[in-house]
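Chain residues, written in single-letter form:
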Amino acid sequence: MANLQQARANVGVVGLAVMGSNLARNLASREGNTVAIYNRSPERTRKLVQEHPEAGFIAAETIDDFVASLTRPRTAIIMVQAGAATDAVIEQLAERFEPGDIIVDGGNALFTDTIRREKALRERGINFVGVGISGGEEGALRGPSLMPGGSEEAYQTLGPILASIAAVAEGEPCVTHVGTDGAGHFVKMIHNGIEYADMQLIAEAYDLLRKVRGLEPAAIADVFAEWNTGDLESYLIEITAEVLRHTDAKTGKPFIDIVLDQAGSKGTGVWTVQTALSLGVPVGGIAEAVFARAVSNRAEQRAVARQIVKSRPSPVEVGDGFEDDVRAALYASKVVAYAQGFDVIAAGAKEYGWNINLGNIAKIWRGGCIIRARFLNRIADAYNTNPNLATLLEDPYFAKAVTDGEAAWRRIINVAVNSGVPVPGFSAALAYYDSLASERLPAALVQGQRDFFGAHTYKRVDAEGTFHTLWSGDRSEIQA
Ligand code: 6PG
């Protein structure tokens, strides 16, 4: 056990499951970092030291020794389960830390918890920083995308440490100071919401190529691999081709065919939709992705439905252009999903008083994270050219992406509907596009209905003010 009397570590990691261990190894591999490590059960700590002597870890078997090994301002990154476990470790550190020290939560905490924790610790003189870490276990080890919130003071110390381990895209580390208190965890939550939408859209594209076009998984893998050389280039498209190419060793069948079609989720997609609803921002693509996972888990209802529905439509005959139509529809729907995600970030920044640079968020998502994609460069350009875009779709490149794809988008949804293939993500994206582009929406009728049954009033297109019609009287109109 290293001598802990002399504080030598500029950063420490608490929680050595795979993510924490990989993050600690990444930190230790970078010039200028000396890394302290601590885990509630010391076996994990000893195992990590034994397996990676090259890391030069300062291993502590008590929280006191861990704190003693950190140089001032002490900086400790917590990598334990979100919720009570995180609260417990925060308290253990806070009791021992001094004003100016920095406690970092690297888990997928709910941003409102981070806001609460940051305020409580600030009152004790301690910096609390919620950092969104994206890229999974591999990303933690080789270079994640990092989304820190917290104070400017904390970022002075923490920023260079995070920059030393972040992924690099176009020569720049994929980290930026997102904003104060919970801004980092908020943006990570939106990253995950976009991730859900992106994954759902890819899954719908696969379903169409499988059920309508009749391609086998390996052939679909080739289609995705080809798409990955163009505008759709992204980590999720890349791994989709890998998953579809994989053969199950046990049965020799395509791996995809032995996987139970019920999707799990840890909750960040739900948080994104709940937050967007509270902010009044439409995120139909993300919501449909969350609901699609929920539908997949309604096994009993699905079994009942299969009993009730006696016949299913046959797949519509499609020609060679079908794959390219699916590609165009996928790209247009993906653009809409990202546009909606960035809308929520802008609305959250306004609501919570964060000065979030949307162009920088797109830039740090270009590498390391799960939604990394070529077109994030375009999103960064769009917001750097005009930080006040009403919507990402206003940017000429993205306006063209959706209008060029519009005809194919409509054809694909038409084919899907008539083939009985559910495409909630594609459909929600197109409905959003059509809603934005419609001269008049049926919301006018909703206003009439609301005024009829609840006297909730309405506005006129041809006069200032608010009005109510006396529906149960002479139906004259009064100024409300
Ligand atoms: C990331 C991922 C990660 C998340 C997984 C699982 O950015 O590295 O988003 O944070 O835990 O995506 O999330 P679900 O179980 O909700 O799909």
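Figured I'd write up the structure that's included with this text.

Some words on the side chain of N228
Here comes step 1: By the element assignment, N228 lies in the loop between α9 (217-227) and α10 (235-245).
Here comes step 2: Of the residues examined, N228 reaches a relative accessible area of 18% and is grouped as buried.
Here comes step 3: A polar side-chain atom of N228 sits 2.8 Å from the main-chain amide nitrogen of S234.
Here comes step 4: Those residues in contact with N228, other than ones at most four positions away along the chain, are E233, S234, I237 and E238.

Examining unusual backbone geometry
Residues apart from glycine generally show negative phi values, whereas peptide bonds are mostly found in trans.
Here comes step 1: For the peptide bond that leads from R72 to P73, omega is -15 degrees, which places it in the cis range.
Here comes step 2: Note on placement: P73 falls in the loop between α3 (63-68) and β4 (75-78).
Here comes step 3: Within the chain, A455 stands out as a residue other than glycine whose phi angle is a positive 50 degrees.
Here comes step 4: Mapped onto the fold, A455 is located in the loop between α19 (443-454) and β10 (467-469).

Quick notes on the side chain of H177
Here comes step 1: For H177, the position within the fold is in the loop between β9 (172-173) and α8 (183-211).
Here comes step 2: Of the polar contacts made by the side chain of H177, one reaches the backbone oxygen of G150; its length is 2.8 Å.
Here comes step 3: Those residues within four positions of H177 in sequence are excluded, and the remaining contacts are P148, G149, G150, S151, E152 and Y155.

Re the packing of α9 against α10
Here comes step 1: Their axes nearest at 8 Å, the elements α9 and α10 cross at an angle of 160 degrees. Judged on the interaxial angle alone, α10 and α9 are roughly antiparallel. In terms of crossing hand, the pair formed by α9 and α10 is left-handed. For the pair formed by α9 and α10, the contact residues are P217, A218, I220, A221, D222, F224 and A225 on the first element and I237, T240, A241, L244 and R245 on the second.
Here comes step 2: Of the residues that constitute the contact of α9 with α10, the class distribution is 9 nonpolar, 1 polar and 2 charged.

Rules used in this analysis
Residues numbered from 1 in each chain as written. Predicted model: local features only at pLDDT ≥ 70, side-chain atom pairs only at ≥ 80, totals over all residues. Heavy atoms only, no water. Helix = DSSP H or I, 4+ residues; strand = E, 2+ residues; numbered from the N terminus. Buried < 20%, exposed > 50% of the residue type's maximum accessible area, 1.4 Å probe, protein only. Polar contact = N/O pair within 3.5 Å; in protein donor to acceptor, adjacent residues only side chain to side chain. Contact = heavy atoms within 4.5 Å. Axes fitted to C-alpha atoms, helices over the stretch in contact; angles between N-to-C directions. Parallel < 35°, antiparallel > 145°, perpendicular 65-115°, else oblique. Left-handed = near helix turned anticlockwise from the far one by under 90°. Nonpolar A, V, L, I, M, F, W, Y, C, P; charged D, E, K, R; others polar.

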